[in-house]
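Structural description and commentary
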Amino acid sequence: MNAFKLLDGLVAPLDRANVDTDAIIPKQFLKSIKRSGFGPNLFDEWRYLDHGEPGQDCSARPKNPDFVLNQPRYQGAQVLLTRDNFGCGSSREHAPWALEDFGIRVLIGPSFADIFFNNCFKNGLLPIVIPAETVDTLFRECVATEGYRLAIDLESQTITRPNGELVRFEVDAFRKECLLNGWDDIGLTLRHAEEIRAFEQKRRDMHPYYFA
Amino acid sequence: MKPQTLYEKLWESHLVRQQDDGTALIYIDRHLVHEVTSPQAFEGLKLAGRKPWRVSSIVATADHNTPTDHWDEGIKDPVSRTQVETLDANIREYGALTYFPFRDERQGIVHVIGPENGATLPGMTVVCGDSHTSTHGAFACLAHGIGTSEVEHVLATQCLLQKKSRTMLVRVDGEVGPGVTAKDIVLAIIGRIGTAGGTGFAIEFGGSAIRALSMEGRMTVCNMAIEAGARAGLVAVDDTTIDYLRGKPYAPSGDAWDKAVAYWRTLHSDAGAEFDKVVVLDASEIEPQVTWGTSPEMVAGVTGRVPNPASIDDPVKRDGVERALKYMGLSPDMPIGEIPVDQVFIGSCTNSRIEDLREAAKVARGRRKADSVKRVLVVPGSGLVKRQAEAEGLHEVFLAAGFEWREPGCSMCLAMNADRLEAGEHCASTSNRNFEGRQGAGGRTHLVSPAMAAAAAVEGRFVDVRNLL
Ligand code: SF4
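All figures in this text were calculated on a predicted structure; none of them were measured in a lab.

Next up on the list: the interface of chain B and chain A. Listed by partner, the interface residues are 74 residues for chain B and 60 residues for chain A. Counting the surface lost from both chain B and chain A, the interface buries some 5,500 Å², and carbon and sulfur atoms represent 55% of this. In this assembly, chain B and chain A are joined by 10 salt bridges. Contributions of two or more residues to the side of chain B that touches chain A are made by β1 (15–18), β2 (24–27), α2 (39–47), α3 (78–94), α5 (148–157), β8 (159–162), α10 (254–264) and α11 (315–328) of chain B. No other element matches the seven residues that α5(B) contributes to the side of chain B that touches chain A. Its residues placed into classes, the side of chain B that touches chain A shows 29 nonpolar, 25 polar and 20 charged.

Right, let's talk about the sheet that holds strand β10 (residues 201–206) of chain B for a bit. Residue and element names in this part refer to chain B. The strand order across the open sheet formed by four strands is β11-β10-β9-β12, and the pairing between neighbours is parallel. Looking at the sheet topology across the chains shown, the edges are occupied by β11 (232–234) and β12 (277–282). Looking at each pair of strands side by side, their axes are set apart by 20 degrees on average, direction ignored. Taken together, the six bridges between strand β9 (residues 166–173) and β12 define a ladder with parallel strand orientation. Counterpart to Val-172 in the pairing with β12 is Leu-281. Running at roughly 125 degrees to β12, helix α6 (residues 182–193) makes contact with β9, β10 and β12 of the sheet.

Accessible area lost upon the coming together of the parts serves often as the stated size of an interface. Residue and element names in this part refer to chain A. If you check the domain split of chain A, you get domain 1 (6–181) and domain 2 (182–212). Placing a centre on the C-alpha atoms of domain 1 and another on those of domain 2 gives a separation of 35 Å. Facing the seven residues of domain 1 at the interface are four residues of domain 2. With both chains or domains summed, domain 1 and domain 2 bury close to 470 Å², and 58% of this area falls on carbon and sulfur atoms. There are one salt bridge connecting domain 1 and domain 2. Between Lys-122 and Asp-185 there is a salt bridge, with the nearest N and O atoms lying 3.4 Å from each other. Remark: the boundary between domain 1 and domain 2 carries five residue pairs in polar contact (both at pLDDT 80 or more). For the side of domain 1 that touches domain 2, the per-class residue count stands at four nonpolar, one polar and two charged.

Moving on, we get to unusual backbone geometry. Leaving glycine out, the prevailing phi sign among residues is negative, and the prevailing peptide bond configuration is trans. Residue and element names in this part refer to chain B. Non-glycine residue Ser-348 carries a positive phi angle of around 85 degrees. One can find Ser-348 in the loop between β15 (343–346) and α12 (354–364). Judged by relative accessible area, which is 1%, Ser-348 ranks as buried. Unlike most non-glycine residues, Ala-415 shows phi in positive territory, near 55 degrees. Here Ala-415 lies in the loop between β17 (404–405) and β18 (426–429).

Below, the discussion takes up the site of the ligand. The immediate surroundings of the ligand are formed by B:His64, B:Ile109, B:His111, B:Asp130, B:His132, B:Ser348, B:Cys349, B:Cys410, B:Cys413, B:Leu414, B:Asn432 and B:Arg438. Per-class residue counts for the shell around the ligand are five nonpolar, five polar and two charged.

The pairing of strands in a sheet happens through backbone hydrogen bonds and is either parallel or antiparallel. Residue and element names in this part refer to chain B. The strand order β5-β4-β3-β6-β7 describes an open sheet built from five strands, whose pairing is parallel. At either end of the open sheet lies a strand with only one pairing partner, and these are β5 (98–100) and β7 (142–145). The average undirected angle you get between the axes of adjacent strands in this sheet is 15 degrees. As judged from the three bridges shared by strand β3 (residues 30–33) and strand β6 (residues 125–128), these two strands associate in the parallel manner. The partner of Arg-30 across the bridge, within β6, is Val-126.

Let us look at α6(B). Residue and element names in this part refer to chain B. Over its 12 residues, α6 runs 17 Å from end to end, which matches the ideal 16 Å to within 8%, given 1.5 Å per residue. In terms of burial, α6 is a largely internal element, 10 of the 12 residues being buried. Taken residue by residue, α6 has Ala-182, Lys-183, Asp-184, Ile-185, Val-186, Leu-187, Ala-188, Ile-189, Ile-190 and Ile-193 as its buried positions. Phi turns positive one or two residues past the end of α6, at Gly-194, with a value near 90 degrees.

Procedures and definitions
The numbering scheme is per chain: residues are counted from 1 as the chain's sequence reads. Written order decides the labels, with chains lettered from A and ligands numbered from 1. Only residues with pLDDT of 70 or above have their local features reported here, since the model is predicted, and side-chain atom pairs are shown and tallied only from 80 upward, although totals for entire chains, interfaces and linings are computed over all residues. For side-chain calculations, the full set of non-hydrogen atoms in the structure is used, while hydrogens and water are omitted. Two residues form a contact once any of their heavy atoms are found within 4.5 Å. Throughout, the accessible surface (probe 1.4 Å) given up by two parts as they are put together, summed over both, is called the buried area. For this analysis, a salt bridge means a side-chain nitrogen from Lys or Arg found within 4 Å of a carboxyl oxygen belonging to Asp or Glu. The helix and strand labels rest on DSSP assignments: H or I over at least four residues marks a helix, E over at least two residues marks a strand, and numbering proceeds from the N terminus. Under the convention adopted here, Pro, Cys and the residues Ala, Val, Leu, Ile, Met, Phe, Trp and Tyr are nonpolar, Asp, Glu, Lys and Arg are charged, and Gly plus all remaining residues are polar. Criterion used throughout: strands pair if DSSP finds at least two bridges between them. With axes taken as lines fitted to C-alpha atoms, and helix axes fitted only over the stretch in contact, angles between N-to-C directions fall between 0 and 180 degrees. Segmentation of the chain into domains, including their bounds, is taken from an automatic or database domain assignment. Side-chain atoms alone can form a polar contact between residues adjacent in sequence; in general such a contact is a pair of N or O atoms within 3.5 Å, and within protein one must be able to donate a hydrogen while the other accepts it. For every residue, the accessible area obtained with a 1.4 Å probe (protein chains only) is divided by the maximum for its type, and the residue is called buried under 20%, exposed over 50%, and partly exposed between those limits. Any residue with a non-hydrogen atom lying within 4 Å of a molecule or strand is treated as near it. Multiplying 1.5 Å by the helix residue count minus one yields the expected span of that helix.

Here it is in structure tokens:
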């Protein structure tokens, strides 16, 4: 996994609540057996005017000029502002894979759906939850200012606004540690293999019918 | 001892270790695997030179990509076929407790085959790379949908990294009226608490209306817990649970059965257990539900109307409703009963079990689909459901009504195979998600119960099924 420490990135505002994973990456792209290459199909139904299928050359497809990520001022955005319950719906990890492949490293919103939130951390993406009023302020500033950037520092858990003001955010200590170091949690968990084995044996003795 | 909730009992009995910040390793008893979310996990395992920890925990099937007709012709879409063959190869290489591949007589939707084979048992932790894993909570299992990295983590370590959830009790008191089903109950719950209302919670469903449900009905309710944002839904064990499991292929038998049942009987929240949140609904007030928008919380009773954005104060919410009405092609204040229906889909892990098909058949019997309805798909949840339905003659009822009787699979729930909506078409669907494009680009999904779907097929618009019973 890629480590995440610091980012000073261009911000794009996606002003919708309940953005679901079907919208983030439509199902026809889930047929891939790879982890990469989903970026061109991120938000496929919103981004393009035609219907997308896997394996297409997306550079030749007609783009929807109204969709925020197609606007020239947001090209190269690495930070996405979102509304409530972003990432709801299916557990597909293809959603964070697509965001990451597109170039997004940080998502900022008032709330995220649980499985999506989890999946982000496994892929070097940082989802940040801050109060709705603060999200509102960032949306307003972002829309009003071309080239609006935010500096995100995971170590100190802060977002720095262009005027120098700091927004603090919470992040789970373990997830932070993993993200800062780019650690693979399977490796970490296997350090406790003995404990897992002992637990398993105890459970097998007590409830053999779960192990049939 | 302090009274415990069911969730706390399940959590404690699977806790391998806990770190200071609350992150815990939870032992996983059952790992359900399907073709869409597993290839990258198996690949990761292989690249790291790791082996699955306990293959006897794995129950696998191919369901999302498989066609629902012309099985003799195989899977025509080469990309889908590759994905299904990749699962075949991975199971061949690593092994599993059991695998129901494409065309197997017990193949079916992953959340249907687990319970019907007794591979889902009370007191287990169950995971699957699929958000509707919450379904299995109907058996008092701690069941979580997980992402592909977590699938790999469970394969490699037999554990899941988790933090303890908060607990919510949703109590549905009283009795539902005739024609009101588990689907209507859960849609009404989501309408009340919202699609993010359960985020961070494990929801236990209780109250007399839940107790009165069959296992099929309880699975429908828990299935949609994820649609309320909760990662897990739960229902306590009772006679209904035990009776359902008796004699199932992977359920214990003999002495082991008695021992298991004695333990399973303890899987309920203790009297006086405290929940972080309690929501109470009156079952008698719930009418058949129909979603009108692009999120399951956008729901109304069948006698109700589509909302009017002009009367909503919150700008983000108003904007969401406006966008949904535009996508759905509906006008403000329109009666639900005036929404036309172009296609009907009866199936999915929410409503494709035998009881669901019986309810749909009850309405369809002696009637015919309206001419204006292009197609009515009935897709059983598994080969076993299909066989049972045919033994009861339900397929003949459907065929006589002009419905199509298909092979099992996910089908038009997510339209990864050839079953899908055309842009602009309205669908009465017994599935669980009405997101934009879910059933085909530009398609318009209305979530309903199987009985309501059959009624919509017959009338060509949404009607109150209570008038047809
Ligand atoms: S039926 Fe639908 S919701 Fe259920 S597992 Fe299949 S695709 Fe997912």
